[in-house]
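# Coordinate analysis (summary)
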2 protein chains.
Amino acid sequence: MTSQSFMPEALGAGEPGTLAALLTCFAAFGGLKTGGVTRLCASAADGAARDAFATLLRDAGAHVVTDAVGNQFGVFTLTDAADAPLVMMGSHLDSQPRGGRFDGVLGVLAAFEAGRRLMLAKRAGASFNANFCAVNWTNEEGARFRPSLLGSGTFTGKIAVADALASIDDDGVTLGAALAAIGHDGVDAPPPVPACYVEMHVEQGGLLEAESVPVGVVTRNWGAAKMDVRFTGEQAHTGPAKMHARRDALFAAAQLICDVRAIADEWPERIHTSVGRLVVQPNSPNVVPAQTDLSVELRAVDDAILREAEARILACIDAAAKRANVGVQILSRTSRPIRELPPAVGNLVRTCARAAGVQSRDIDTISGHDALSLLDVCPTGLMFVPSVGGIAHNENEETHGEDLDTGMTVLMGAAYRLCVSRGDPVAAAAWEPRR
Amino acid sequence: MTSQSFMPEALGAGEPGTLAALLTCFAAFGGLKTGGVTRLCASAADGAARDAFATLLRDAGAHVVTDAVGNQFGVFTLTDAADAPLVMMGSHLDSQPRGGRFDGVLGVLAAFEAGRRLMLAKRAGASFNANFCAVNWTNEEGARFRPSLLGSGTFTGKIAVADALASIDDDGVTLGAALAAIGHDGVDAPPPVPACYVEMHVEQGGLLEAESVPVGVVTRNWGAAKMDVRFTGEQAHTGPAKMHARRDALFAAAQLICDVRAIADEWPERIHTSVGRLVVQPNSPNVVPAQTDLSVELRAVDDAILREAEARILACIDAAAKRANVGVQILSRTSRPIRELPPAVGNLVRTCARAAGVQSRDIDTISGHDALSLLDVCPTGLMFVPSVGGIAHNENEETHGEDLDTGMTVLMGAAYRLCVSRGDPVAAAAWEPRR
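Every chain is numbered independently, its residues counted from 1 as its sequence is written. Chains carry letters from A onward and ligands carry numbers from 1 onward, assigned in written order. Thresholds applied to this predicted model are a pLDDT of at least 70 for local features of residues and 80 or more for the giving and counting of side-chain atom pairs; totals over whole chains, interfaces and linings are not thresholded and use all residues.

## With respect to the overall build of chain A
The test is simple: Labels follow the DSSP assignment, with helices taken as runs of H or I lasting at least four residues and strands as runs of E lasting at least two, numbered in each case from the N terminus. Radius of gyration means the value over C-alpha atoms here, while the globule rule gives 2.2 Å times the residue count to the 0.38 power. Think of it as a crowd count around each C-beta: if 20 or more other C-beta atoms lie within 10 Å the residue is buried, if 12 or fewer it is exposed, and in between it is partly exposed, with C-beta placed from the backbone throughout. Here contacts are defined at the residue level, using C-beta atoms placed from the backbone and a cut-off of 7 Å between them.
Of the regular secondary structure elements, chain A holds 14 helices and 15 strands. By the compact-globule yardstick of 22 Å for 435 residues, chain A fits well, its C-alpha radius of gyration being 23 Å. On the principal axes, the C-alpha backbone points of chain A span a range of 85 × 45 × 40 Å. For chain A, with 435 residues in total, the buried portion stands at 61%. Taking all contacts inside chain A whose residues are at least 6 apart in sequence as the whole, residues at least 24 apart take part in 77%.

Here's what the structure looks like:
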């Protein structure tokens, strides 16, 4: 039996419902009665999900590697060739507070399932020219620790390991301490940079569902600018303290939140703005707030808009501080440029969809994904499956079972083609089964 | 030896520094490196302070009574007369987060010290016509549990015991459970309504210091209107979610905070407004906030202003909800009318200051104090000592040692005079020592 005797699409379509079943199992880790999950990075629930992922990988014949920031890699050795490249797929197991049961975990379990099936194929006699790795990236969400895409950003060298481990949550706990507490502070060297990385994710928008297209091929990401801002006022009694003498850090934050929203109205549909996080100190009804920390996000489809919006926000921050007579610090500032994803990998996903007999369409990603980290170092693809109602970062997030099966079939096709093509997306797209 | 042989002012002035020493000891309970305290109601630190207060009382010969909401009463039996009325003095041991080491605890320890000295006088042969009670009221601050003045409001019947015990903090812990955890969920019946209640407190403003007057006689309280407001939006991803479809609970809160501040500018020096507390759910940088809870306070020196401001805030709440497309609930609403304090008790305090050879001045209280609860049921007095720089609800709160001694002398005089005058403030002010 040679690799040519396998039909990758048949391999993918062989077990409908498997991915859905795995997702149901993983929804128990941090599971909520509503069907959603709260599985914050390096929490006990995340630890349980990580343990299960590692067990699944080992049972399927993979070698599990955990690096210093807790990224988990399940390496499936499909070939004995010493110079064999690596094909990597994955996403993240962490969730938002009261988040959905598909966001992230879908891509991790689909990658696991792809690896498991490739290993079965190898054991059945198939031969491959690349090894395969299923990965769970630490702290993609940025909900508990900042920045988001932390684990993948560490893998690509954008973020220093020491900085990542020193990141603190709102209770002052470091990522390093949190990972140690759940036993996922690894000591292993991560695998090498892959020849190709492909991630499957839920769309988190309503376009695919509205058009009844089961597969989105991401061709471009929106740019993003994020900043954590701290206003520092002075604690005082809300009763006797004279209004003109108050230095109210929450008043400054409130003005900025209104300004951030107003900026979105200037370029409708071209920029999304938000403040999702605000921490008030000391947060007592009758104390003038001494400190507010808030996280501002801007996302735009146009570089010029993003730059102008960012400059305006910086001016608004200063104006708000002045008006409230408080101090201000920009604690951190990160940005992500607008980029095109490599056409060759997009073309591979399109080819796999066509081979599976389903439609696909090109699509932007507005949200960040680990694939956008990997884009810095290797040919990277990102594919979306539909989200019911476009609902995301919400307990009611949903993807239909048939869309899961379709996504799995397409991803499986890409995994198979890449692993018989030394991870080269052009060769993988051109690959034809002998019949 | 008869009661007439005592000079109450001499009794008060006999031990300068005692009150300051007690305050230093109590600053250790929840003490911060800065000299301030975080001693939230029914916390472990509050429990330690309560335990120490009870021990001090018992050692000084008082009978300690703890009622169902944790109010602690130290009853000094000064007379055997069955119909003897009660004179009560006190304040609260709880503090704001990072609060000062004088706010509240000053009045509790001064009351204790007054009781201790009266008991010593009785043991030395003095005779009295009233018993004396030093009280620590539960949750005056309203920092951890709402409403503020909870313990004193329960004593006067304004708040039902069951409602008080069911009050929850921001972590969902009830006051009842928190009191049980520190062993201060009492089963005793509280003492009867006193014939007269007097409270000593730090001014929390800069007037006394600016005028170098050591004693403020509170003649009026500003009115207050407080409300807890909840905006309910919908959790969504801050990236892909369309701006027009967002239901952002934090955006609604931010608009309201700006509106609340703007209202203060319309009646300068006549109204103080604030939002000191804001809790955001789920509070993640890339999640559109689903819920915000905030506490709005208005305090005014004029009833008409207060009513108009309150009506405007209610309109602003609706407008903010509409603009952000979120739901809104007023979770609770309390108010306190503008009132004059009984002239007879004020006159007693003034008389005691004069007898001690120090100046006093009439003053408003803008902040709420337990004395304002007691005002509902008995003749009540409130006296202020200076706050350095008017700093309040802040770790840097300070009152000079000489001002503590002066305040203690004046309060001691009032306690003595009331206890030899059946708690009648008119008779107490008219009392003259035989020389």
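## Some points on the interface of chain B and chain A
For clarity, the cut-off: Note on residue categories: nonpolar means Ala, Val, Leu, Ile, Met, Phe, Trp, Tyr, Cys or Pro, charged means Asp, Glu, Lys or Arg, and polar means any other residue, Gly included.
Counting residues at the interface gives 47 residues for chain B, matched by 47 residues for chain A. Mapped by element, the contributors of at least two residues to the side of chain B that touches chain A are strand E8 (236-237), helix H9 (249-264), strand E9 (271-281), strand E10 (287-288) and strand E11 (291-300) of chain B. If one sorts the elements of the side of chain B that touches chain A by residue count, H9 of chain B sits on top with eight residues. Taken together, the residues of the side of chain B that touches chain A sort by class into 21 nonpolar, 20 polar and six charged.

## Brief notes about the packing of helix H9 (residues 249-264) of chain A against H9 of chain B
When two helices pack together, you describe them by how their axes are tilted relative to each other and by the distance separating the axes. The line we're drawing: Every axis in this analysis is a line fitted to C-alpha atoms, fitted for helices over the stretch in contact. Angles between the N-to-C directions lie between 0 and 180 degrees. The cut-offs work like this: below 35 degrees is roughly parallel, past 145 is roughly antiparallel, 65 to 115 is roughly perpendicular, and the gaps in between are oblique. Crossing handedness follows the turn of the near helix against the far one: under a right angle anticlockwise gives a left-handed crossing, and clockwise gives a right-handed one.
The N-to-C vectors of H9 of chain A and H9 of chain B enclose an angle of 125 degrees; their axes lie 8 Å apart at closest approach. As judged from the angle between their axes, H9 of chain A and H9 of chain B are oblique. For the pair H9 of chain A and H9 of chain B, the crossing hand works out as left-handed. Residue-level inspection shows Leu250, Phe251, Ala254, Gln255, Ile257, Cys258 and Arg261 of chain A of H9 of chain A in contact with H9 of chain B, the latter providing Leu250, Phe251, Ala254, Gln255, Ile257, Cys258 and Arg261 of chain B. Taken together, the residues of the contact of H9 of chain A with H9 of chain B break down into 10 nonpolar, two polar and two charged.

## Here's the deal with H9 of chain A
What counts here: Each residue after the first adds 1.5 Å to the expected span of a helix.
Taking 1.5 Å per residue as the helical rise, H9 of chain A with its 16 residues ought to reach 22 Å, and the 24 Å between its terminal C-alpha atoms agrees with that figure. Across the 16 residues that make up H9 of chain A, a large majority, 13, are buried.

## Structural notes on the sheet that holds strand E11 (residues 291-300) of chain A
Residues and elements named next belong to chain A. We apply this condition: DSSP calls a pair of strands paired once it identifies at least 2 bridges connecting them.
If you trace the four strands from one edge of the open sheet to the other, you get E9-E11-E7-E12, paired in antiparallel fashion. Each edge of the open sheet carries a strand with a single partner, namely strand E9 (271-281) and strand E12 (327-336). The sheet shows a mean angle of 15 degrees between the axes of neighbouring strands, direction not considered. Bridge analysis of strand E7 (residues 223-232) against E12 gives nine bridges, and the strand direction is antiparallel.

## Brief notes about the packing of helix H4 (residues 105-123) of chain B against helix H13 (residues 401-419) of chain B
Residues and elements named next belong to chain B. Packing of H4 against H13 leaves a shortest axis separation of 10 Å and a crossing angle of 50 degrees. By the angle between their axes, H4 is oblique relative to H13. Judged by the sense of rotation from one axis to the other, the crossing of H4 with H13 is right-handed. Residue-level contacts link Ala110, Glu113, Ala114, Arg117 and Leu118 of H4 to Gly407, Met408, Leu411, Met412, Ala415, Tyr416 and Cys419 of H13.

## Some words on the relation of the copies chain B and chain A
As a reminder of what qualifies: Copies are brought into register by a least-squares superposition over C-alpha atoms of residues with pLDDT of at least 70 in both.
Superposition record for chain B on chain A: RMSD 0.0 Å, screw rotation 180 degrees, translation along axis 0.0 Å. Look at the turn and shift together and you get a two-fold axis relating the two. Closest approach to the rotation axis among the C-alpha atoms of chain B is made by Ala254 of chain B, whose C-alpha sits 2.1 Å away. Comparing interface residues between copies, 100% of those in chain B also lie at the interface in chain A; the contact surface is shared.

## Considerations on unusual backbone geometry
Glycine aside, residues mostly have negative phi, and peptide bonds are mostly found in the trans state. Omega for the bond connecting Gln281 of chain A with Pro282 of chain A falls within 30 degrees of zero, at -5 degrees, which places this linkage in the cis form. Residue Pro147 of chain B is reached from Arg146 of chain B by a cis peptide bond, and omega for that bond is 0 degrees. Phi at Ala42 of chain A takes a positive value of approximately 65 degrees, unusual for a residue other than glycine. The topology assignment puts Ala42 of chain A in the loop between helix H2 (18-26) and helix H3 (44-59). Owing to 28 C-beta atoms within 10 Å, Ala42 of chain A belongs among the buried residues under this scheme. For Ser212 of chain A, which is not glycine, the phi dihedral falls at a positive 55 degrees. Judged by the 8 C-beta atoms lying within 10 Å of it, Ser212 of chain A is exposed.

## Concerning the domain arrangement of chain A
Residues and elements named next belong to chain A. Heads up, the condition is: As annotated, the domain borders come from an automatic or database domain assignment.
What the domain assignment reports for chain A is domain 1 (3-222 + 339-430) and domain 2 (225-336). Between the C-alpha centres of domain 1 and domain 2 the distance comes to 34 Å. The interface is formed by eight residues belonging to domain 1 together with nine residues belonging to domain 2. Residues belonging to the side of domain 1 that touches domain 2 are distributed by class as follows: four nonpolar, one polar and three charged.

## Observations concerning the sheet that holds strand E12 (residues 327-336) of chain B
Within a sheet, adjacent strands bond to each other through the backbone by hydrogen bonds, running parallel or antiparallel. All names here are of chain B. In space, the four strands of this open sheet follow the order E9-E11-E7-E12, with antiparallel pairing throughout. In this open sheet, the two strands that pair with only one neighbour each are E9 and E12. Across the sheet, the axes of successive neighbouring strands diverge by a mean angle of 15 degrees, strand direction being ignored. Across the face of the sheet, helix H10 (residues 303-324) comes into contact with strand E7 (223-232), E9, E11 and E12 while running at roughly 160 degrees to E11.

## Quick notes on the pairing of E11 of chain B
Residue and element names in this part refer to chain B. Burial analysis of E11 places nine of its 10 residues in the buried class, the great majority of the element. In the sheet, E7 pairs with E11 via 10 bridges, with the strands oriented antiparallel. Following the sheet pairing, Phe231 is matched in E11 by Thr292.

## Brief notes about the confidence of the model for chain A
Residue and element names in this part refer to chain A. The cut-off we apply is this: Residue-level confidence of the predictor is summarised by pLDDT, bounded by 0 at the bottom and 100 at the top.
When the pLDDT values of chain A are averaged, the result is 94; 96% of them are 70 or greater. In this model, residues 1-10 is a region of pLDDT below 50 whose contacts with residues beyond four sequence positions or in other chains number 23 contacts. Across the interfaces of the predicted complex, the ipTM metric reaches 0.90, alongside a pTM of 0.90.

## Considering H4 of chain B
All names here are of chain B. Taking 1.5 Å per residue as the helical rise, H4 with its 19 residues ought to reach 27 Å, and the 27 Å between its terminal C-alpha atoms agrees with that figure. The buried fraction of H4 amounts to 15 of the 19 residues, a majority that puts the element mostly inside the structure. Immediately downstream of H4, the backbone of Gly125 shows phi near 115 degrees, a positive value.

## Brief notes about the pairing of strand E5 (residues 196-202) of chain A
Residues and elements named next belong to chain A. Among the seven residues in E5, seven count as buried, and that is most of the element. Burial of the side chains of E5 extends over both faces: Cys196, Val198, Met200 and Val202 are buried on one face and Tyr197, Glu199 and His201 on the other. By the bridge criterion, three bridges tie strand E3 (residues 86-91) to E5 in an arrangement that is parallel. When the bridges of E5 are listed, Val87 appears paired with Cys196.

## Some points on the environment of Ala68 of chain A
Residue and element names in this part refer to chain A. One can find Ala68 in the loop between strand E1 (63-66) and strand E2 (72-76). Taking the C-alpha atoms as reference points, Ala68 and Arg350, 282 residues apart in sequence, are found 36 Å from one another. When near neighbours in sequence (up to four residues on either side) are disregarded, Ala68 contacts Val161 and Gly186.

## With respect to the environment of His92 of chain B
Residues and elements named next belong to chain B. Structurally, His92 is set in the loop between strand E3 (86-91) and H4. Its 30 C-beta neighbours within 10 Å are what place His92 among the buried residues. Between the C-alpha atoms of His92 and Met408, which are 316 residues apart in sequence, the distance is 17 Å. Setting aside its immediate chain neighbours within four residues, His92 contacts Gly104, Val108, Asn136, Trp137, Glu140 and Asp370.

## A few points about the environment of Arg336 of chain B
Relative to the assigned elements, Arg336 of chain B resides in strand E12. The residues contacting Arg336 of chain B, other than those within four sequence positions of it, are Gly223, Ala224, Gly368 and Leu372 of chain B.

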